[in-house]
Amino acid sequence: MKDFRNKVVVVTGAASGMGRELAIKLGQRGAKVAISDVDPNGLAETERLVKATGADVHSQLLNVAEREAVLEYAETVAKHFGQVNAIFNNAGIAHHGEVENMEFKDIDRVMDIDFWGVVNGTKAFLPHIIASGDGHIVNTSSLFGLLSEPGQSAYNSAKFAVRGFTEALNQEMIVAKHPVKVTCVHPGGVKTAIARNATISGDNDDRSLTEAFEKYFLRMSPEKAADIILRGVERNRARVLVGNDAKFLDLWVRLVASGYQGIAARATGAAMKRFGG
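As a convention, each chain's residues are numbered from 1 in the sequence order in which they are written. Totals for whole chains, interfaces and linings use every residue, but because this is a predicted model, local features are given only for residues with pLDDT of at least 70 and side-chain atom pairs only at 80 or more, for both listing and counting. By convention in this description, side-chain values take in all heavy atoms of the structure and omit both hydrogens and water.

The chain appears in an unreviewed UniProt entry as Putative short-chain dehydrogenase/reductase from Gordonia crocea. UniProt positions are given in the numbering used here, feature names are shortened, and annotations may be inferred rather than shown by experiment. Under Sequence similarities (unreviewed entry), UniProt gives the following word-for-word description of the chain: "Belongs to the short-chain dehydrogenases/reductases (SDR) family."

As structure tokens, this is what we get:
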């Protein structure tokens, strides 16, 4: 999708962070924007900011894990604008905890939003996007969809699943010759609230490691991340790596293969010892 002007674009998880910035920048590029989130106050502020760009905006509270609600939402947006050209499946949450300490419900919650939310949004909007004749599906995975990290098994599982789902979808669109491009996004350390809002398993609710992670790793602004994502989509890139950290670690994992796991484990252990996690 080389030009967003007059295109109808859906953004989930739009109440803050990258979702908000994507919605604003899409509005600035002349798109008609449908935004959704579970946070009413944040969503209302995003709506105000997108309207300030002069864009036509449709805003609705939505939990992407609720499949029937997402299916109804797709019909609502299509009816409101007359068509849908693209969706950014951006909504996501995080959870920190070792497998032996996590409850099944902790894993379910992350998978329901981070993976099934992407599947729900894709399936619900895909017929409309194909019918538009000029469509694009953009699914947010993560740096943690390229490599795994101790304490992030649920998040890793969801983000690796998003990557596999999206790459397969891209190939299916090519085989079927549908007028739909597909992009998988892998953000590195972006300054959003996802780490701060993450739930934690076990008795240890010490936030010092999270605070250190935000300080030393989450360095890129959501505004810059959104610019990189939109530029990749405009160039019809199948994969967009957001940040030098994502680019470096993607290359590193390719070079050292499974050897990265021992190094990552030792590095995480040292960080936990230093910061009291």
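Asks: Go over the side chain of asparagine 170, please, and point to the residues and values.
Replies: Segments assigned H or I by DSSP are reported as helices when at least four residues long, segments assigned E as strands when at least two residues long, and all are numbered from the N terminus. Within the fold, asparagine 170 resides in helix α5 (residues 153–176). Using a relative accessible area of 18% as the deciding quantity, one classes asparagine 170 as buried. Contact partners of asparagine 170, with chain neighbours within four places excluded, come to Val182 and Ala238. Here the term buried applies to any residue with accessible area under 20% of the maximum for its type, exposed to any over 50%, and partly exposed to those in between, with areas from a 1.4 Å probe on protein chains only. Whether two residues touch is decided by their heavy atoms; if any such pair falls within 4.5 Å, the residues are in contact.

Asks: Provide a residue-level description of the pairing of strand β1 (residues 8–11), including the pertinent values.
Replies: Put simply, side chains in a regular strand alternate between the two faces of the sheet. Neither face of β1 is left uncovered, since the one carrying Val8 and Val10 and the one carrying Val9 and Val11 both have all their residues buried. Relative to strand β2 (residues 32–37), β1 is paired through four bridges, and the arrangement is parallel. Residue valine 9 lies in a different strand from β2, and its bridge partner there is valine 33. By the criterion used throughout, a crossover qualifies as right-handed when its path from the first strand across the helix to the second strand runs clockwise, the strands pointing away from the viewer. Each parallel crossover has a hand, and for β1 linked through helix α1 (residues 17–28) to β2 it is right-handed. Paired strands are those between which DSSP finds at least two bridges. Here β1 runs beside strand β4 (residues 86–89); their pairing, made up of three bridges, is parallel. Note that in β4 the partner of valine 11 across the bridge is phenylalanine 88.

Asks: Now, about a positive patch on the surface: what can you tell me, with residues and values included?
Replies: Together, Lys224, Arg231, Arg235, Arg237 and Lys247 line one region of the surface with positive charge. Among the structural elements, arginine 237 can be located in the loop between α7 (222–234) and β9 (239–242). Only residues above 30% relative accessible area that lack a salt bridge enter a patch, with like-charged residues linked at up to 9 Å and the nonpolar side chains Val, Leu, Ile, Met, Phe, Trp and Tyr linked at up to 5 Å. Calculation of accessible area relied on Shrake-Rupley with a 1.4 Å probe; when residues are assessed, cover is drawn exclusively from the protein chains displayed. Any Lys or Arg side-chain nitrogen found within 4 Å of a carboxyl oxygen on Asp or Glu counts as a salt bridge. Just so you know, the count uses Lys and Arg for positive and Asp and Glu for negative, and it drops His and the chain ends. By convention, charge coordinates are those of NZ in Lys, CZ in Arg, CG in Asp, or CD in Glu.

Asks: Tell me about the pairing of strand β7 (residues 180–187), and please be specific about residues and values.
Replies: Burial of β7 is extensive: seven of the eight residues sit out of reach of the surface. Sheet analysis places strand β6 (residues 135–140) next to β7, joined by six bridges and oriented parallel. Pairing of isoleucine 137 across the sheet is with valine 182, part of β7. As a crossover connection, the stretch from β6 through α5 into β7 is right-handed. Pairing of β7 with β9, which is carried by four bridges, proceeds in the parallel orientation. The residue bridging cysteine 184 from the neighbouring strand is arginine 239, located in β9.

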